[in-house]
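Take a look at the letters that make up each chain.
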Amino acid sequence: MNIYLKTLIVDSSTGFYKINRYKVGDYFGPVDLGLHLAKKYDSLNIGTGLLAGSIFPGSNRLIFTGYSPGWSNFYISTMGGAGLIFNNLGIDMLTITGRTPTPSVLYLNRIHGEEIQLKIEPVDIHNVWKSGRMGVYSLTDHVYQMYAREYYNDPRILVTGPAALATGHGSVASMPIRKGKISSVDTWAGRGGFGSKMMQEHGIAAIIYGGTFIDDDFRDRKVADQWFVDKYNKKLAAKNIEATVKYRFEPNFNTGGTFGVNYATLGGKMLSFNYKSIYMTEEQRLKIHERFVKNHYLKQFNEETIIPKKQATCGEPCVAVCKKMNNEFKKDYEPYQAMGPLSGIFDQRAAEMLNHHADTYGFDGIAAGGVIAWLMECLVDGLLTPEELGISNNIPKWDIEDFDLVNDSMHNAKIGMEILDSIIEKKGILNIIAGVRKLSRKLAKEKDRLILDKLVCIGFARTGWMIPNQYWTPGVLSPMAIMGKYFMHYADEFVSPRELGRKDGIRLKKELILDNMGMCRFHRQWAEEMIPEVMESLLGPGMQELYLDKISRAAARINSRNSSVFWESERNFDFIYTFLKRKKEIDKIEDQELDKWIDAFETNKREAALNFWYEIHKGIQETLADY
């Protein structure tokens, strides 16, 4: 086990690099060390946890940290499996500072010995993006063809797409490479805009890395099994199988993965048509879920993916096999929800086409879907015209009483693709480099306030924005210092807003336990409890308490930068109010606190929303206070 965290610090403007060592105990992993380095260098930090390469399943996530150009604050994004090859470099973190004069590829290769070979070479990025498979896929192919022969083992490649130049929410994509073949199972550091940061702030379009270094990773299964038997009366493998059942196959619903299990269980809680479903009756919502989703969208998924067991991992050995595939299309719930029902799309062919288009550009899929849905509603309601958006003269088909599941979904998907094209090419009004909040305020001033009021997003500081996670629950709109991830309480339950804030803070700490060790949250049922105990066992007495203390301090430091902005859109108010009403009327919750808030919203919606927001904020602050 490492005594020091080794960080390769690269100045991309000069090619100069050095390795700094940080004592384990002062820092434990890519989050608390990344927080320190981001403050010191305004850097993009990419690293693994201390357990990377070990026998613990899910321990090979690649963690990205830094100040997000889209969110306007420190952010954490993670990528499945990509840490396994990164571990072969013999370092724990890559820190990129400076900016290249032209878009470039960063090459890292460790061939035996101690030295990492490093090159920064220019790439004709616009022509590469327009060639071959296009976008992130053509850049992956290009970089592989240029450098793969220089590696003894299969490397891994991190790439950006055109969205990294056109927006603040461009993602970083990567595909596992096995025996010289690039997989179609793409993985993403999707949220936070680290593709935009990598490209706009550092000039790095792609990173290829790999090596032959063999680390002294923890591989003693007998010892690990004993830890798990002592804790759970089960060996590691058995507990992990139990913990990941939702992501593999859930027999209670005859489906699997986030897409399958969520759509099998959402019922009237499913969001659709840019959140307009919150205004519908429960009967209407259930009809959409039953007819449009269970009997078609989900049915297609089960027949094409679940029954034939078309599933894979992110690149590391793992029983969760959470990557549910149909040919080259990977089906995750949130992007296929945001660029699915939220955008008026309920057919797999249409959703595949739109999601793949967004992926090719390198968009954050949830952000892309939220923006598409918002602009579509503005088109449907006549607040914006196709000409203003730089698209062909078509209006989305959102009539639920006369909705053709196949043809209308395809019609809407094509409009969504055109909207993405316009964003990349900055056609019409769609220059969103400064964010959609700024665009919505501009349009509200120049055209109609209703345009802003239809945008559901979370605001941070002056221009930071995030399309929320796709669940109808108040937690996804919480005023946390990092939003868009599961650093908040997103259970389908009513708790007072003050208690919600407390739960948000507790959830943040638990998620940081995972991220700071490079652990996939799909294994959280055991990992949240076991990781601190593993630190004690591997690093010595007092390390469990110290690890948890460092997590609390990191959470407090992140929260100290909390510049959350009160909800700007009326639909955010309605999102909360209708959730409360549904809890009362549909779920039959009898609670005086719930009744109080419903009455407050019905008396003065804006005032109630402001008070609700501040109560969440209070709960967060009192939970994440430093002392």
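One can find the structure itself at the top, above this paragraph.
The shown structure was predicted, so the numbers you read here are calculated from the model rather than taken from an experiment.

### Let's talk about the packing of helix α19 (residues 497–515) against helix α21 (residues 543–559)
So, step 1. The contact between α19 and α21 brings their axes to 9 Å, and the two run at 120 degrees. On the basis of their axis angle, the class for α19 and α21 is oblique. Of the two elements, α19 crosses α21, and the hand of that crossing is right-handed. Counted together, L508, K509, L512 and I513 of α19 and Y547, L548, I551, S552, A554, A555 and I558 of α21 form the full contact between these two elements.
So, step 2. Here the residues of the contact of α19 with α21 sort into nine nonpolar, one polar and one charged.

### Observations regarding the sheet that holds strand β19 (residues 464–466)
So, step 1. If you trace the three strands from one edge of the open sheet to the other, you get β19-β18-β20, paired in antiparallel fashion. At either margin of the open sheet sits one strand with a lone partner, and together these are β19 and β20 (564–565).

### Here we look at the pairing of strand β1 (residues 4–11)
So, step 1. Burial within β1 is extensive, with six of its eight residues counted as buried.
So, step 2. Examined bridge by bridge, β1 and strand β2 (residues 17–23) share seven bridges and lie antiparallel to one another. Directly across from V10, in β2, lies its bridge partner Y17.
So, step 3. Where β1 folds back onto β2 in an antiparallel hairpin, the turn is made up of five residues, including G15, whose phi is positive at roughly 85 degrees.

### Considering the side chain of D359
So, step 1. Examined against the element boundaries, D359 turns out to sit in helix α13 (residues 348–361).
So, step 2. In this structure D359 is buried but unpaired, with K330 as the nearest side chain of opposite charge at 6.4 Å.
So, step 3. Residues contacting D359, with those up to four places away along its chain left out, are V136, Y137, D186 and W188.

### Here's the deal with the pattern of salt bridges
So, step 1. Under the criterion given, the structure shown has 46 salt bridges.
So, step 2. Here E242 ties to K234 by a salt bridge, and the two come within 2.0 Å at their closest N and O atoms.
So, step 3. R349 serves as the salt-bridge partner of E304, at 2.8 Å between the closest nitrogen and oxygen. In this pair, E304 is assigned in helix α11 (residues 282–306) and R349 in helix α13, connecting sequence segments 45 residues apart.
So, step 4. Taking the relative accessible area as the measure of exposure, R349 reaches 33% and is therefore partly exposed.
So, step 5. Several salt bridges share partner residues, and in doing so they unite K269, E282, R285, D492, R582, K583 and D587 into one network.

### Some thoughts on the sheet that holds strand β16 (residues 323–326)
So, step 1. What the three strands build is an open sheet, ordered β15-β16-β17; its pairing is antiparallel. Only two strands of the sheet have a single partner each, and these edge strands are β15 (311–312) and β17 (329–330).
So, step 2. When β16 meets β17, the two strands line up antiparallel, connected through two bridges. Residue M325 lies in a different strand from β17, and its bridge partner there is K330.

### Description of the pairing of strand β7 (residues 104–110)
So, step 1. Most of β7 sits inside the fold, with seven of its seven residues counted as buried.
So, step 2. Alternating positions in β7 separate into two faces, S104, L106, L108 and R110 on one and V105, Y107 and N109 on the other, with burial throughout.
So, step 3. Note: β7 against strand β8 (residues 117–122), six bridges, orientation antiparallel. By the bridge assignment for β8, S104 is matched with P122.
So, step 4. In sequence, β7 turns back onto β8 through a hairpin of six residues, with H112 there showing a positive phi of about 55 degrees.
So, step 5. Where β7 lies against strand β14 (residues 204–211), seven bridges are found, and the strand directions are parallel. Paired with L106 across the two strands is I207, which belongs to β14.

Rules behind the numbers
- Residues numbered from 1 in each chain as written.
- Predicted model: local features only at pLDDT ≥ 70, side-chain atom pairs only at ≥ 80, totals over all residues.
- Heavy atoms only, no water.
- Axes fitted to C-alpha atoms, helices over the stretch in contact; angles between N-to-C directions.
- Helix = DSSP H or I, 4+ residues; strand = E, 2+ residues; numbered from the N terminus.
- Parallel < 35°, antiparallel > 145°, perpendicular 65-115°, else oblique.
- Left-handed = near helix turned anticlockwise from the far one by under 90°.
- Contact = heavy atoms within 4.5 Å.
- Nonpolar A, V, L, I, M, F, W, Y, C, P; charged D, E, K, R; others polar.
- Pairing = 2+ DSSP bridges.
- Buried < 20%, exposed > 50% of the residue type's maximum accessible area, 1.4 Å probe, protein only.
- Lys, Arg positive; Asp, Glu negative; His and termini not counted.
- Salt bridge = Lys/Arg side-chain N within 4 Å of Asp/Glu carboxyl O.

None of this, on its own, says anything about what the molecule does.
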